[in-house]
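Structural description and commentary
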Amino acid sequence: MPKHFLVTSGPDRGLVFELGGPAILLIGRGRQATFRLNDPHVSRLHCQLEVTEERVVLRDAASLAGTQVNGQRVSVHVLAPGDVITLGKTQLRYQEDDLADQPTLPPDEPVPARTEAAATPHPQPAVTPPEAPRAPPLEAASGTRVDVPIVSREEAARPESPPATPRPEPRAARVGARSPDHAPTGGEAEDHVVSPPATPRPKPRAAAPTPSRPEPVAPGRLPILPAERMGELTGHVLSCYRIGPLFAKGRTGMIFRARDFKHHRDVALKILRPEFSENKDGVARFVRAMKTMLPLRHPNIVALYGAGKTGPYCWLAMEYIDGESLAQVLHRIGVAGMLDWRFTLRIAVDLARGLQFAHEHQIIHRNITPQNTLLRASDKRALLGDLMLAKALEGALAANVTRIGEVIGDIRFMSPERLAGDRNVDARSDIYSLGALIYALLTGHAPHEGETTMDTISMIYKMEPVRPKKFQMSIATPFESVVMTMLNKYPEKRYQSAEKVVADLETVAKFQNIEL
């Protein structure tokens, strides 16, 4: 077993928490914790783990009782195998060897059953049909409706009120699952397949899983279908996935719910149009981009389980999320009003944290839109999807599906520099796009929407967006200021890092008494 914690004492005694690849993990008893403990002496967010391939760094999160390692109180500590961490009345032992080699715990205390931290299934984007100026990418959401607080037009006209303490939205712990190696099946040659490293994602468990017999695989080769008939792939097998029902389609391909019969889980399988696999250089670019994403795990980023090219199709297997894309949320609230700004603030913090993690790993998203940002139904956590996909689909691959002068994505959420054709956009372009998305949630529409594509582009270049408080007067002025700074037309005048965006949004939440 790779790096993991074994709970040796306390209410959760006997549980194992597996650590994944590069990630920031939280331990506590609060709903936001990655590893959630049932110890009342543990703070809601007690400590943080910074996991890399080389080491695991433990940081105390200003907990009330403090964090101890081997009996000594610490603020920061690089863990070594055998270290014992004490949090409240709970002790955890850090190990890097196989659990089977460890001594059996004495049965003097019952081990409570716990399913709360089990891996949560993930959705895929669903594509709302675009209007004239829009060119939405593929979405990845299951379409399960999420109950969100909507503000009517009449309520939006009420002025800002003093900070109040709203009832926090419930947040369930999000943990990962072991990432598979993908093997060819169904008679198809695997031209290119990238799969995650052997290190699993964090996964609390009470006992080792019982091996089960592999599910049957339907034989036969994948048919080569034109884009408009790709829905007929349902029932076929691609790599180790049995293709299920289609639930989203877009310009670049389609998303199916699929069954990973090798690892016995549902996934969102995005299959790109056959034209994408016709250019060898483009396919290599796609595989390289996806390989960059595979080891990354973060609570606010849709996990990528595998990707590659099988037969005539390039594909991506993603975590399946039961929920909605923010495009679907916007479509609903566009009729009733707009999203309550407090709930929008929580979504903004979630997405900004995910973006900060991506930028820290030198990944620029390039295409943050409502279509590829998801809201999970179970805990209302927001997640970024399609990282690296816009970059992977540039060049020869994009030329196969776009007309001259056209770009992949929704122009209403693109930064001025990206619309100008700058291929070397940096993190500040993502910050603009995230600001445009937050603006849309606050007001019910993008910052700039013209009657034609060229009208919209011209407005993005030349006009300042109307301040959100004009549409929803109760918005906290500091929150509005953060959004408007993100939307500055000049990159040098925007936030220079997602880290600063996160810090300012968390400050707004703190002073407005909003629990994240």
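Our structure is the block above this text.
Below you will find a few notes about this structure. Because the structure is a prediction, the values reported are computed rather than measured. (Residues numbered from 1 in each chain as written. Predicted model: local features only at pLDDT ≥ 70, side-chain atom pairs only at ≥ 80, totals over all residues. Heavy atoms only, no water.)

1. Here's the deal with the overall build of the protein chain
The number of helices and strands found in the protein chain is eleven helices and 23 strands. Across the 516 residues that make up the protein chain, the buried fraction comes to 56%. Across the protein chain, every contact between residues at least 6 apart in sequence was considered, and the portion connecting residues at least 24 apart equals 68%. Summed over its atoms, the accessible surface of the protein chain is roughly 21,300 Å², and 53% of this surface lies on carbon and sulfur atoms. (Helix = DSSP H or I, 4+ residues; strand = E, 2+ residues; numbered from the N terminus. Buried < 20%, exposed > 50% of the residue type's maximum accessible area, 1.4 Å probe, protein only. Contact = heavy atoms within 4.5 Å. Areas by Shrake-Rupley, 256 points an atom, 1.4 Å probe, with all protein chains shown as cover.)

2. Thoughts on empty space enclosed by the protein
A probe matching the size of a water molecule, rolled over the atoms, marks out where space remains unfilled. Inspection of every chain in the model, using the stated rule, returns five cavities of 30 Å³ or more. Empty space within the largest cavity amounts to approximately 90 Å³. Every residue along the wall of the largest cavity is listed here: Met290, Met293, Ile301, Val302, Ala303, Leu304, Leu316, Met318, Leu384, Gly385, Asp386 and Leu387. Within the residue set of the lining of the largest cavity, elements represented by two or more residues are helix H2 (280–293) and strand E19 (313–319). Here the residues of the lining of the largest cavity are counted per class, giving ten nonpolar, one polar and one charged. (1 Å grid on protein atoms, 1.4 Å probe; cavity = no way out; pocket = protein on both sides within 12 Å on 5 of 7 lines; lining within 4 Å. Points joined across faces, edges and corners; volume = space filled by probe spheres on them. Nonpolar A, V, L, I, M, F, W, Y, C, P; charged D, E, K, R; others polar.)

3. Quick look at the pattern of salt bridges
If you walk through the whole model with that rule in mind, you get 17 salt bridges. Linking Arg273 and Glu275 is a salt bridge whose minimum nitrogen-to-oxygen distance equals 2.5 Å. As a salt-bridge pair, Arg353 and Glu506 come within 2.8 Å of each other at their nearest N and O atoms. Pair noted here: Arg353 is in helix H4 (residues 341–360) and Glu506 is in helix H11 (residues 498–511), with a separation of 153 residues, a long-range link. Judged by its relative accessible area of 31%, Glu506 falls in the partly exposed class. Because the salt bridges share partners, they merge into one network encompassing Arg257, Arg259 and Asp266. (Salt bridge = Lys/Arg side-chain N within 4 Å of Asp/Glu carboxyl O.)

4. Description of the environment of Gly435
Relative to the assigned elements, Gly435 resides in helix H8 (residues 427–443). Relative accessible area serves as the criterion here: at 0%, Gly435 is assigned to the buried category. Ignoring any residue separated from it by four or fewer positions in sequence, one finds Gly435 in contact with Val483, Met486 and Leu487.

5. Side note on the sheet that holds strand E23 (residues 382–384)
Taking strand neighbours across the sheet as the criterion, the three strands line up as E20-E22-E23 in an open arrangement whose pairing is antiparallel. Either end of the sheet is taken by a strand with one partner, and the two such strands are strand E20 (323–325) and E23. Direction aside, the axes of adjacent strands within the sheet are offset by 25° on average. As judged from the three bridges shared by strand E22 (residues 373–376) and E23, these two strands associate in the antiparallel manner. Bridge pairing in E23 links Thr373 to Leu384. Each of E22 and E23 is contacted by H4, which is oriented at about 30° to E23, the strand it contacts most. (Pairing = 2+ DSSP bridges. Axes fitted to C-alpha atoms, helices over the stretch in contact; angles between N-to-C directions.)

6. Notes on the pairing of strand E5 (residues 47–51)
Side chains of E5 alternate between two faces, with Cys47, Leu49 and Val51 buried and Gln48 and Glu50 left unburied. Here five bridges tie strand E3 (residues 23–28) to E5, and the two strands are oriented antiparallel to one another. Looking across to E5, one finds that Ile24 is bridged to Glu50. From the end of E5 to the start of strand E6 (residues 56–60), which pair antiparallel, there are four residues.

7. Some remarks on the packing of aromatic side chains
Following the criterion strictly, the structure yields five aromatic pairs and no others. Geometrically, the ring pair formed by Phe247 and Tyr320 is edge-to-face, given 6.2 Å between the ring centres and 85° between the ring planes. Taken together, the residues span a long stretch of sequence, with Phe247 in strand E15 (residues 241–249) and Tyr320 in the loop between E19 and E20 at a distance of 73 residues. Arg257 extends its terminal NZ or CZ atom over the ring of Tyr320, reaching a point 4.3 Å from the ring centre. Taking NZ or CZ as reference, Arg265 lies 3.8 Å from the ring centre of Tyr305, over its face. (Phe/Tyr/Trp six-rings, centres within 6.5 Å; stacked < 30°, edge-to-face > 60°. Lys NZ or Arg CZ within 6 Å of the ring centre and 35° of its normal.)

8. Points about the sheet that holds strand E4 (residues 35–36)
By definition, the strands of a sheet pair up through backbone hydrogen bonds, in either a parallel or an antiparallel sense. Taken in spatial order, the five strands line up as E4-E3-E5-E6-E9 in an open sheet, and their pairing is mixed. Two strands bound the open sheet, and with one partner strand each, they are E4 and strand E9 (76–78). Judged from the two bridges that link them, E3 and E4 form a sheet pairing that is parallel. Among the inter-strand pairings, Gly28 is bridged to a residue of E4, identified as Arg36.

9. Details of the packing of helix H10 (residues 477–486) against H11
In the contact formed by H10 and H11, the axes pass within 9 Å of each other and the chain directions differ by 165°. Relative to H11, the element H10 is oriented roughly antiparallel. With respect to the hand of their crossing, H10 and H11 are arranged in left-handed fashion. Across the interface between the two elements, Pro478, Phe479, Val482 and Met486 of H10 pack against Val501, Asp504, Leu505 and Val508 of H11. In the contact of H10 with H11, the residues fall into seven nonpolar, no polar and one charged. (Parallel < 35°, antiparallel > 145°, perpendicular 65-115°, else oblique. Left-handed = near helix turned anticlockwise from the far one by under 90°.)

10. Re the nonpolar core
When a protein is soluble and globular, its nonpolar side chains tend to lie buried together. Within the largest apolar cluster, 80 residues are counted, with the highest numbers of intra-cluster contacts made by Leu345, Ile347, Leu375, Leu434, Phe479 and Leu505. If one sorts the elements of this core by residue count, H4 sits on top with eleven residues. Among residues more than four places away in sequence, those in contact with Leu375 are Val146, Val148, Gly323, Glu324, Leu326, Val329, Phe343, Ile347, Lys380, Arg381 and Ala382. With 23 residues, the next largest nonpolar core counts Phe5, Val7, Leu15 and Val51 among its residues. (Core = buried A, V, L, I, M, F, W, Y, C linked by side-chain atoms within 4.5 Å.)

11. A short note on H11
In this model H11 runs 20 Å from its N-terminal to its C-terminal C-alpha over 14 residues, within 8% of the 20 Å that 1.5 Å per residue would give. Three or more residues of H11 are buried, namely Ala498, Val501, Val502, Leu505, Val508 and Ala509. For H11, the angular spread of buried residues about the axis comes to 125°, placing them on one side. For H11, the exposed residues lying more than 90 degrees away from the buried face are Glu499, Lys510 and Phe511. (Expected span 1.5 Å × (residues − 1). Arc of directions from axis to C-beta.)

12. Some remarks on the pairing of E15
Moving residue by residue along a regular strand, the side chains alternate between the two faces of the sheet. With two bridges connecting them, strand E14 (residues 237–238) and E15 associate as antiparallel partners. The residue bridging Val237 from the neighbouring strand is Arg242, located in E15. Turn length for the E14-E15 hairpin, with the two strands adjacent in sequence and antiparallel, is two residues, and the turn residue Ser239 shows positive phi of about 55°. Sheet topology note: the E15/strand E16 (residues 253–260) ladder contains six bridges and is antiparallel. Note that in E16 the partner of Ala248 across the bridge is Ile255. In this antiparallel pair of consecutive strands, E15 and E16, the connection spans three residues.

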